[in-house]
Amino acid sequence: MPGRRRCAARGPENEAAKPERLAEKGAAQGAATPLRGKPQRRDRGTVPAASGTPAKTPSTLGRPPPLALGPASGAKWPSKPPATPRSAPRSSASPPESGAGTSSATSDNVKVVIRIRPARPEEEAAGSACVQQRSGQVLEADGPGHERRRRDELHYDAVLGADAAQDDVFQLVGLPVVEHCMSGLNASIFAYGQTGSGKTHTMTGMLSNADQRGLAPRIFDALFARIAQEETRLGREKLRYSVRCTYLEIYREELTDLLRPAGPPLALRLDAARGAFVDGLEERDIFNSDDAMALIRCGSEHRRSAATAMNADSSRSHAVLACQVESMRREDSGLASVRSSRLYLVDLAGSERVRASGAGGAQLRETCAINSSLTTLGRVIAELVEAQRRGAAARHHVPYRDSRLTFLLQDCLGGNARTVIVAAVSPAAEHAGETRSTLEFAARAKCIRNRAVVNRDTRGSADALRGQLACLERELELARSESRGPLLEELAAAQADADRERAAASAASEEAATVRVDAARAAVDARRHRKEAARWEGHAFALQLERDALVAAMVRAAGAGTAAAAAESPLELAQRLGAERAAAVEGIAAEQSARRAAEDRAAAAESHSSGLEQALEAAERRAEAAREQAARLAARERQLRGAYKDIQSIMASLPPPTPRSTPREGAPPAPWHALTSPGSSAAAWESSAGEASSSGDPSAL
Ligand SMILES: Nc1ncnc2c1ncn2[C@@H]1O[C@H](COP(=O)(O)OP(=O)(O)OP(=O)(O)O)[C@@H](O)[C@H]1O
């Protein structure tokens, strides 16, 4: 039977109990065959004992080690993959850059959580499990296709075993998402997997049973608790939140409003400010978690479902629960700073093998439509990963437009959002192929990089904006008149100083070079004179010896009376030698004084040269300081020009002044939404990723 609305399947006798029971998809359905009225699977002892303390499930195949998801660590992603218990070949089917088991993921990468559903008794009886949790991030799965006998170890951001409670999933996936919404970040959670693997159980769960409620109701509970906390802390006149929701169904590429299912099919449109949106979708204001619960219940009732061979209450459509959270904080200036975030909770229809589903006729066409839409999703993810691998420069077509689902949710896949994919898998050996393909899809999705930024806007009354503009204009004028002229003069003076210092430095360096040459010359002269003096000293010493010998000879001749025989009288000889010696002594003295003079000259030249070098260094230091001053002044000038441009663009974007209207006396204050223009927030979103962290976003997503 093709998809029919859940409420339509109920008989009139059940009308009163309908909403509750209809929302509890799966609670009334037991197993893989469409046996309505069978005991609930939870009643067979698979229900965790209490929130946050997963009970051990007797039916769990291949009991995994306990998951590190206590209340304290619940909201955190395990920081890195734990050491694997043993080395195992990585799946050949996993793309090498898939991120499964690698540490390349950044905080904005799509996060992937694998949730293994408990085995049903007949699945347990049938034999070994095709997938087993090994640790908080590691699982072991059968190899693909013909390699099924091989076991591969695969790594993900988190792996939740069959005994993980609904609260564990919320602590790990839901809680961070609530914090994103509070801080102005877009977020999304996708539930993906084979039919009957537990997607709806994870996203919606059993609304009447507190322990068994899924992510959506828990997220709204936590969101409204946080809103109340923040509004109380700052006071509602300062800070207010508003929450609006839509609930959409995509069935065979047709869009239906789950809050108004009788309406005509809706159209998907693209708008420069809002991006992709569904025209005419009912948007409901939600004020507390009861409102949210009523909305979830209403949407779940109207979602199309059918009994198939794989799931007694199988969802036949994709359900997209969207929530817009907006916070407006009033500043003393009269302006209001607005943060808005969009949350998408997407419960995808389950993939199924046509043969295994036992579908025929209309249901077969439905199954084909579901599979084709999921194939497009897979293609979008594969192309996106490839595009991101190639880098921004390479143009790569990502086929978002090929399905309504991917077109509507393109921001969640590679855009401005933090995204988590919960991939639900069945442990049954007979589903090994589907489980493996879900795991591979998840490994690919893990490589997608998103760029989430805080969505901020500033709004205010026209008067407040005009006042702000006037202030800015005054500041600009002041900056122009007070700072610009003197600054330019200062800049010119600093530049002239720098030029002067540079010229002085180069003259000093030239002079130093000349002095250095003079000093070298004087040193050469001094050496020459030293040599000459040594030569004269040697000469004087020789003459001294000669004279001494002659005096001795003269004394001998006088004694022997032969003085007359001498050609030159001893007196004459002594006089000549005395004169020669005096001349030699004079020569020595002259040489010594010349040498001293040369040495003095050399020393003077040396000291002059070192003085010049010091002067040169000082001049270079002064020139450097002047250059830095000039650079500082140029930067300041650029800063002023930037501020001027900013103010000009703000002025250009302002509406022309309208005549001021005086409020009537006693008239009520403007409503909260009067300050905002619908849809304008997306257009004016100006944000920064750095803000996300500075806003105290505690999540580790
Ligand atoms: N983790 C779980 N613990 C207990 N029961 C589970 C779990 N996961 C799934 N189930 C049960 O398995 C059945 C099928 O689950 P569910 O309807 O959520 O599958 P689905 O993936 O949404 O299937 P479809 O794609 O066909 O809609 C339900 O009865 C549900 O209660």
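Residues numbered from 1 in each chain as written. Predicted model: local features only at pLDDT ≥ 70, side-chain atom pairs only at ≥ 80, totals over all residues.

Naming follows an unreviewed UniProt entry, where the protein appears as Kinesin-like protein of Elliptochloris bilobata. For the protein, the Sequence similarities (unreviewed entry) comment in UniProt is given as "Belongs to the TRAFAC class myosin-kinesin ATPase superfamily. Kinesin family. KIN-12 subfamily." (UniProt positions renumbered as here; feature names shortened; annotations may be inferred.)

Draft legend 1. Representation of the overall build of the protein in the model. Helix and strand counts for the protein stand at 14 helices and 18 strands. Within the protein, the proportion of its 701 residues that are buried is 38%. If you take every contact in the protein between residues at least 6 apart in sequence, the share linking residues at least 24 apart comes to 77%. (Helix = DSSP H or I, 4+ residues; strand = E, 2+ residues; numbered from the N terminus. Buried ≥ 20, exposed ≤ 12 C-beta atoms within 10 Å, placed from the backbone. Contact = placed C-beta atoms within 7 Å.)

Draft legend 2. Representation of the pairing of strand 15 (residues 318-330). Extensive coverage of strand 15 is indicated by the burial of ten of its 13 residues. Two elements, strand 8 (residues 239-251) and strand 15, share twelve bridges in a ladder whose sense is antiparallel. Its bridge partner being in strand 15, Val243 is matched across the sheet by Val325. Alignment of strand 15 against strand 16 (residues 336-347), held across twelve bridges, turns out to be antiparallel. Note that in strand 16 the partner of Leu321 across the bridge is Leu345. Turn length for the strand 15-strand 16 hairpin, with the two strands adjacent in sequence and antiparallel, is five residues, and the turn residue Gly334 shows positive phi of about 100°. (Pairing = 2+ DSSP bridges.)

Draft legend 3. Inspection of the pairing of strand 16 at higher detail. Counting buried positions along strand 16 yields eleven of twelve residues, so the element is predominantly enclosed. As defined by bridge partners, strand 7 (residues 187-193) adjoins strand 16 across five bridges and the pair is classed as parallel. Bridge assignment links Ala187 to a residue of strand 16, and that residue is Leu343.

Draft legend 4. Focus on the sheet that holds strand 4 (residues 138-142). Spatially, 3-4-5 is the arrangement adopted by the three strands of the open sheet, whose pairing is antiparallel. Edge strands, defined here as strands with exactly one partner in the open sheet, are strand 3 (131-133) and strand 5 (151-155). This sheet shows a mean twist of 25° between the axes of neighbouring strands, independent of strand direction. Sheet topology note: the strand 4/strand 5 ladder contains five bridges and is antiparallel. Paired with Asp142 across the bridge in strand 5 is Arg151. (Axes fitted to C-alpha atoms, helices over the stretch in contact; angles between N-to-C directions.)

Draft legend 5. Fine view of the nonpolar core. Formed by 103 residues in total, the largest nonpolar core has its most connected members in Val113, Ile114, Val173, Ile421, Ala423 and Ala442. Ranked by the residues each element gives to this core, the list is headed by helix 3 (residues 166-183), at eight residues. Apart from the residues within four sequence positions on either side, Ala442 is in contact with Val112, Ile114, Tyr156, Ile421 and Ala423. Residues Ala494, Ala505, Ala619 and Ala626 belong to the second largest nonpolar core, which totals seven residues. (Core = buried A, V, L, I, M, F, W, Y, C linked by C-beta atoms within 7 Å.)

Draft legend 6. Fine view of the UniProt feature "binding site: ATP" (unreviewed entry) in the protein. When the UniProt feature table is mapped onto this chain, "binding site: ATP" (unreviewed entry) is found at Gly193, Gln194, Thr195, Gly196, Ser197, Gly198, Lys199 and Thr200. Tracing the backbone through its elements, the reader meets Thr200 in helix 4 (residues 199-203).

Draft legend 7. The packing of helix 3 against helix 5 (residues 215-234), seen in detail. Here helix 3 crosses helix 5 at 40°, and the two axes come no closer than 9 Å. Taken as axis vectors, helix 3 and helix 5 run oblique relative to one another. For helix 3 against helix 5, the interelement crossing comes out right-handed. Residues Val169, Phe170, Val173, Gly174, Leu175, Val177, Val178, Cys181 and Met182 of helix 3 form the contact with helix 5, whose participating residues are Leu215, Arg218, Ile219, Ala222, Leu223, Arg226 and Glu230. Classifying every residue of the contact of helix 3 with helix 5 gives twelve nonpolar, one polar and three charged. (Parallel < 35°, antiparallel > 145°, perpendicular 65-115°, else oblique. Left-handed = near helix turned anticlockwise from the far one by under 90°. Nonpolar A, V, L, I, M, F, W, Y, C, P; charged D, E, K, R; others polar.)

Draft legend 8. A look at helix 3. The first and last C-alpha atoms of helix 3 sit 25 Å apart over 18 residues, in line with the 26 Å expected at 1.5 Å per residue. The sharpest bend along helix 3 measures roughly 40° and falls at Leu172, with the proline Pro176 sitting one to four residues further on. Burial within helix 3 is extensive, with 17 of its 18 residues counted as buried. (Expected span 1.5 Å × (residues − 1). Bend = angle between axes of the 7 residues up to and from the residue.)

Draft legend 9. Spatial organisation of helix 10 (residues 432-445). The end-to-end C-alpha distance of helix 10, which contains 14 residues, comes to 20 Å, matching closely the 20 Å that a straight helix rising 1.5 Å per residue would cover. Counting buried residues along helix 10, twelve of its 14 residues qualify, which places the element largely inside the surrounding structure. Along helix 10, the residues classified as buried are Ala432, Glu434, Thr435, Arg436, Thr438, Leu439, Glu440, Phe441, Ala442, Ala443, Arg444 and Ala445.

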